[in-house]
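Letter by letter, the chains look like this.
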Amino acid sequence: MYVCEDGKIDILSLNIDELRQCIADMGEKPFRAGQIYSWLHQKRIADFDSMSDISAQFRERLKEKFCIKSLFIVKRLESKRDNTVKYLYRLSDGNHIETVLMEYEHGNTVCVSTQVGCKMGCRFCASTIAGYKRDLLPSEILLQIYTAQRDSGRKIGGCVLMGIGEPLDNFDNVVRFLELLSSKNGMDMSLRHVSLSTCGLVPKIYELAKLDLGLTLSISLHASDNKSRSAVMPVNDRYDINELLTACRDYFKQTGRRISFEYALIDGHNDSKEDAKRLAELLKGFICHVNIIPVNKIKERNFTSDRRSAQRFRAYLEELGINATVRRTLGADIDAACGQLRREYEI
Ligand code: SAH
């Protein structure tokens with residue numbers, strides 16, 4: 001069961017069946033669960049007293065048993081260039097997380113965090129520098145979207161799990177979040193508009209494939225051989241490129257979904273023509289897409305890159321028949337890269 005700091009049940013993390021069961025256990029009519037779910041996930045009220053079609057007496061009993069979580073907006077940074085908004089939220093236990101609202105031609109997408117900190121230790125990533133604190137509850141992932149939507153007044157059509165944390169390291173809560181996000185009685189977002197990015201926790205990729213949720217899997221590959229991948233991504237010592245790509249083939253076979261490979265370009269590290277050749281060789285026969293990201297400079301590390309090197313690398317790949325794009329760098333003026341804002345706040 002999902003529990004809040006005060007020991008009560010985190011009602012926003014429950015699915016409709018669990019809510020129905022809890023309500024039945026309280027001796028109330030199970031159909032009340034549908035009403036309550038709709039207050040929480042469609043009307044998005046923040047307290048039980050707003051549930052006007054529930055009796056005052058039952059509301060008091062609900063308050064004793066459940067808590068309704070919320071996120072507090074500590075900081076809101078809006079890019080002057082591209083309408084990207086970055087939120088720093090405070091969780092009810094005082095920890096901080098980041099969420100980014102991005103505007104694309106086809107609509108608004110929210111980039112959510114899945115953990116407070118991260119265990120994975122990728123060398124170029126600010127989210128992992130101070131280590132890992134805890135997993136986010138399903139409600140805390142979902143509220144990042146609800147809160148950004150309410151604050152911005154924008155319609156939100158997509159979600160990427162590319163904020164702080166490794167989503168597959170918080171597997172069960174992430175899967176529940178996806179269930180709530182796509183629920184007909186809630187946000188009703190199609191999981192076709194959701195991308196989940198992982199550094200490559202291989203056993204969990206197999207598990208995710210079995211669920212066949214219809215989402216896009218993004219793999220943070222960032223290198224074309226084990227030596228250079230291990231140098232920046234410690235997870236590669238646990239699951240190497242070969243094991244990772246075998247899991248990706250399985251994912252495609254099970255789900256029919258094209259895989260997206262992320263490649264953070266670091267000058268002098270993984271940007272040569274040789275790297276492009278090795279990458280093309282690795283991805284031969286894959287139905288996939290490579291997303292080249294000029295590495296975002298973080299002040300704790302010396303890695304650099306720019307759009308020109310990224311375009312050059314893309315041209316190498318295209319010559320070799322690999323479908324690649326250079327990711328638009330949104331929110332560059334507001335430090336929108338993973339974990340940078342939280343770092344300034346927590347330490
Ligand atoms: N843990 C997941 C998702 C979070 S990070 C993962 O590893 O995929 C989202 C993406 O941003 C990943 O591809 C990650 O490698 C990349 N990233 C992190 N720091 C970066 C930086 N400084 N510059 C460019 N990309 C970065």
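Residues numbered from 1 in each chain as written. Predicted model: local features only at pLDDT ≥ 70, side-chain atom pairs only at ≥ 80, totals over all residues. Heavy atoms only, no water.

Draft legend 1. Region of the structure containing the site of the ligand. Around the ligand, 16 residues are found, and the nearest of them are Phe 124, Ser 197, Ser 220, His 222 and Asn 296. Between Ser 220 and the ligand, the recorded distance is 2.6 Å, taken from a side-chain N or O atom to an oxygen atom. Starting from 540 Å² of accessible surface for the ligand in isolation, the protein chains cover 94%. Across the shell around the ligand, the residue classes break down as seven nonpolar, seven polar and two charged. (Near = heavy atom within 4 Å. Polar contact = N/O pair within 3.5 Å; in protein donor to acceptor, adjacent residues only side chain to side chain. Areas by Shrake-Rupley, 256 points an atom, 1.4 Å probe, with all protein chains shown as cover. Nonpolar A, V, L, I, M, F, W, Y, C, P; charged D, E, K, R; others polar.)

Draft legend 2. A look at unusual backbone geometry. You will see that Arg 44, though not glycine, has its phi angle at about 55°, which is positive. Take Arg 44: it is sitting in the loop between α2 (32-41) and α3 (56-65). The phi torsion at Asp 188 lies on the positive side, around 60°, for a residue other than glycine. Tracing the backbone shows Asp 188 in the loop between α5 (171-181) and β10 (194-198). Asp 188 gets classed as partly exposed once you look at its relative accessible area, which sits at 39%. (Helix = DSSP H or I, 4+ residues; strand = E, 2+ residues; numbered from the N terminus. Buried < 20%, exposed > 50% of the residue type's maximum accessible area, 1.4 Å probe, protein only.)

Draft legend 3. View of the domain arrangement of the protein. Parsing the protein into structural domains produces domain 1 (9-67) and domain 2 (72-346). Taking the mean C-alpha position of each, domain 1 and domain 2 sit 34 Å from one another. Regarding the contact of domain 1 and domain 2, the summed buried area is about 1100 Å², with carbon and sulfur atoms giving 46% of it. Three residues stand out in domain 1 for area buried against domain 2, namely Ser 13, Tyr 37 and Arg 44, and they jointly supply 45% of the buried area on that side. Counting across the domain 1 and domain 2 interface gives one salt bridge. (Domains from an automatic or database assignment. Buried area = accessible area lost by both parts, 1.4 Å probe. Salt bridge = Lys/Arg side-chain N within 4 Å of Asp/Glu carboxyl O.)

Draft legend 4. Highlighting the environment of Ser 52. Inspection of the secondary structure assignment puts Ser 52 in the loop between α2 and α3. When the C-alpha atoms of Ser 52 and Asn 242 are compared, they prove to be 57 Å apart, with 190 residues separating the residues in sequence. Not counting chain neighbours up to four residues away, the residues in contact with Ser 52 comprise Trp 39 and Arg 59. (Contact = heavy atoms within 4.5 Å.)

Draft legend 5. Representation of the side chain of Ser 218 in the model. Here Ser 218 lies in strand β11 (residues 216-220). Side chain to side chain, Ser 218 and Glu 262 meet in a polar contact 3.4 Å long. With near-sequence residues (within four places) excluded, Ser 218 lies in contact with Met 162, Ser 195, Leu 196, Ser 197, Thr 198, Ser 260 and Glu 262.

Draft legend 6. Spatial organisation of the packing of aromatic side chains. As enumerated under the stated definition, the model contains four aromatic pairs in all. The interplanar angle of 85° and the centroid separation of 5.5 Å between the aromatic rings of Phe 261 and Phe 286 together place this pair among those described as edge-to-face. Of this pair, Phe 261 sits in strand β12 (residues 259-265) while Phe 286 sits in the loop between α9 (273-282) and β13 (288-294), and the two are 25 residues apart along the sequence. Both residues of the pair, Phe 261 and Phe 286, belong to the buried class. Ring geometry for Tyr 263 against Phe 313: centres 4.9 Å apart, planes inclined by 15°, an arrangement best described as stacked. Taken together, the residues Tyr 263 in strand β12 and Phe 313 in helix α10 (residues 307-319) connect sequence positions 50 residues apart. Tyr 263 sits in the buried class, given a relative accessible area of 1%. Judged by relative accessible area, Phe 313 falls into the buried class, the value being 0%. Members of the aromatic cluster, connected to one another through ring pairs, are Tyr 263, Phe 313 and Tyr 316. It is Lys 119 that lies over the ring of Tyr 132; its NZ or CZ is 4.5 Å from the centre. Here the basic side chain of Lys 204 rests over the ring of Phe 171, its NZ or CZ set 5.1 Å away from the ring centre. (Phe/Tyr/Trp six-rings, centres within 6.5 Å; stacked < 30°, edge-to-face > 60°. Lys NZ or Arg CZ within 6 Å of the ring centre and 35° of its normal.)

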